[in-house]
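# Chain and residue survey
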Amino acid sequence: MYSPREIMEAFFSAMKAGYVSGENLAVPVNQFPWSKMTEWRGENIRVIDFWQTGRDGVSGFGTTTICSIHAPINPLWMMQYYGKYPEIVYSFLKEALRVEYDKPLDVHVYGSPSLFCGCRGPRVFVKDGLLYINHVDRMSSFSRFSGEEEIFDSVTRRSVGFHKYHGMMMLP
């Protein structure tokens, strides 16, 4: 049996080693055009992060699934997101996500619900003329959460793109 802490630890380890790592570790998924995935394996846990971009190069969605290496068809936790981000903000988005993923695990485990950031970026992040805002729904926790993140041009205050997201623990 897996504890919520073990699953959370696997999520943050996988995210830091995958999408936000700065390395190009994603591999194309041949059955799905314009899609990529990363896979992370711990001692007993596997994390699959899959995302697909629309033909317009802006629309996209993704899903992150955590399962036991011994029972891969039984997910332990999942997160899904969808929205629109132009490629020009990808590196900024990765930086925003990394800020949250680099925090000590105990902040996510023992922090108050008002500190939980929905497994996305911090509540606010500003850099190089861009502003990231993350609205996490009230009472969200790693076990069940939802919200919306958005990136703005900090000069014009115009939205550049957004993602809506949700996730939950799937333990029995």
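For the structure, check the block above.
Let me sum up the structure you'll find in this document. (Residues numbered from 1 in each chain as written. Predicted model: local features only at pLDDT ≥ 70, side-chain atom pairs only at ≥ 80, totals over all residues. Heavy atoms only, no water.)

## What about the overall build of the protein?
Along the backbone of the protein there are three helices and nine strands. Taken along the three principal axes of its C-alpha coordinates, the protein extends 50 × 40 × 25 Å. Going through the 172 residues of the protein one by one, you find that 42% of them count as buried. Long-range contacts, defined as pairs at least 24 residues apart, comprise 49% of the intrachain contacts of the protein with a sequence gap of at least 6. Summed over its atoms, the accessible surface of the protein is roughly 9500 Å², and 56% of this surface lies on carbon and sulfur atoms. (Helix = DSSP H or I, 4+ residues; strand = E, 2+ residues; numbered from the N terminus. Buried < 20%, exposed > 50% of the residue type's maximum accessible area, 1.4 Å probe, protein only. Contact = heavy atoms within 4.5 Å. Areas by Shrake-Rupley, 256 points an atom, 1.4 Å probe, with all protein chains shown as cover.)

## A few points about the nonpolar core
Formed by 37 residues in total, the largest nonpolar core has its most connected members in Ile7, Phe11, Trp77 and Phe142. Only helix 1 (4-17), strand 3 (45-53), strand 5 (75-84), helix 2 (90-101), strand 7 (130-136), strand 8 (144-153) and strand 9 (159-169) provide two or more residues apiece to this core. Ignoring any residue separated from it by four or fewer positions in sequence, one finds Phe11 in contact with Thr64, Ile66, Trp77, Met79, Tyr101, Cys119 and Phe142. (Core = buried A, V, L, I, M, F, W, Y, C linked by side-chain atoms within 4.5 Å.)

## A word on helix 1
Counted at 1.5 Å a residue, the expected span for helix 1 with its 14 residues is 20 Å, and the 20 Å between its end C-alpha atoms agrees. Within helix 1, the full set of buried residues consists of Ile7, Met8, Ala10, Phe11, Phe12, Ala14 and Met15. (Expected span 1.5 Å × (residues − 1).)

## Some details on the pairing of strand 2 (residues 35-41)
Relative to strand 2, strand 1 (residues 27-28) runs antiparallel, the two sharing two bridges. Paired with Val27 across the strands is Met37, a residue of strand 2. Here strand 1 hands over to strand 2 after six residues, with Trp34 in that stretch at a positive phi of 60 degrees. The pairing of strand 2 with strand 3 spans seven bridges and is antiparallel. Looking across to strand 3, one finds that Met37 is bridged to Phe50. Between the end of strand 2 and the start of strand 3, which pair antiparallel, lie three residues. (Pairing = 2+ DSSP bridges.)

## A look at the environment of Ile151
With respect to the helices and strands, Ile151 occurs in strand 8. The buried category is assigned to Ile151, whose relative accessible area is 0%. C-alpha of Ile151 to C-alpha of Arg5: the two residues are 146 residues apart in sequence and 30 Å apart in space. Apart from residues no more than four positions distant in its own chain, Ile151 is found in contact with Tyr85, Val89, Phe92, Leu93, Leu130, Leu131, Tyr132, Arg158, Ser159, Val160 and Gly161.

## A short note on unusual backbone geometry
With a phi close to 60 degrees, Trp34 is a non-glycine residue in the positive phi region. As for its position among the elements, Trp34 is in the loop between strand 1 and strand 2. In this structure, Asp128 is a non-glycine residue whose phi angle is positive, near 50 degrees.

## Quick word on the sheet that holds strand 8
Sheets are built from strands paired through backbone hydrogen bonds, the pairs being either parallel or antiparallel. One open sheet holds the nine strands; their spatial order is 1-2-3-4-5-9-8-7-6, and the pairing between them is antiparallel. Every other strand in the sheet has two partners, leaving strand 1 and strand 6 (124-127) as the edge strands with one partner each. On top of the sheet, helix 1 reaches strand 2, strand 3, strand 4 (59-68), strand 5 and strand 9; it is set at about 50 degrees to strand 3, its chief contact. (Axes fitted to C-alpha atoms, helices over the stretch in contact; angles between N-to-C directions.)

## Observations regarding helix 2
Given a rise of 1.5 Å per residue, twelve residues ought to cover 16 Å, and the 16 Å separating the end C-alpha atoms of helix 2 matches this to within 8%. Buried within helix 2 we find Phe92, Leu93, Ala96, Leu97, Glu100 and Tyr101.

## Description of the environment of Arg98
Here Arg98 shows up in helix 2. Note on Arg98: relative accessible area 26%, which makes it partly exposed. In contact with Arg98, other than residues within four places in its own chain, are Lys16, Val20 and Ser21.

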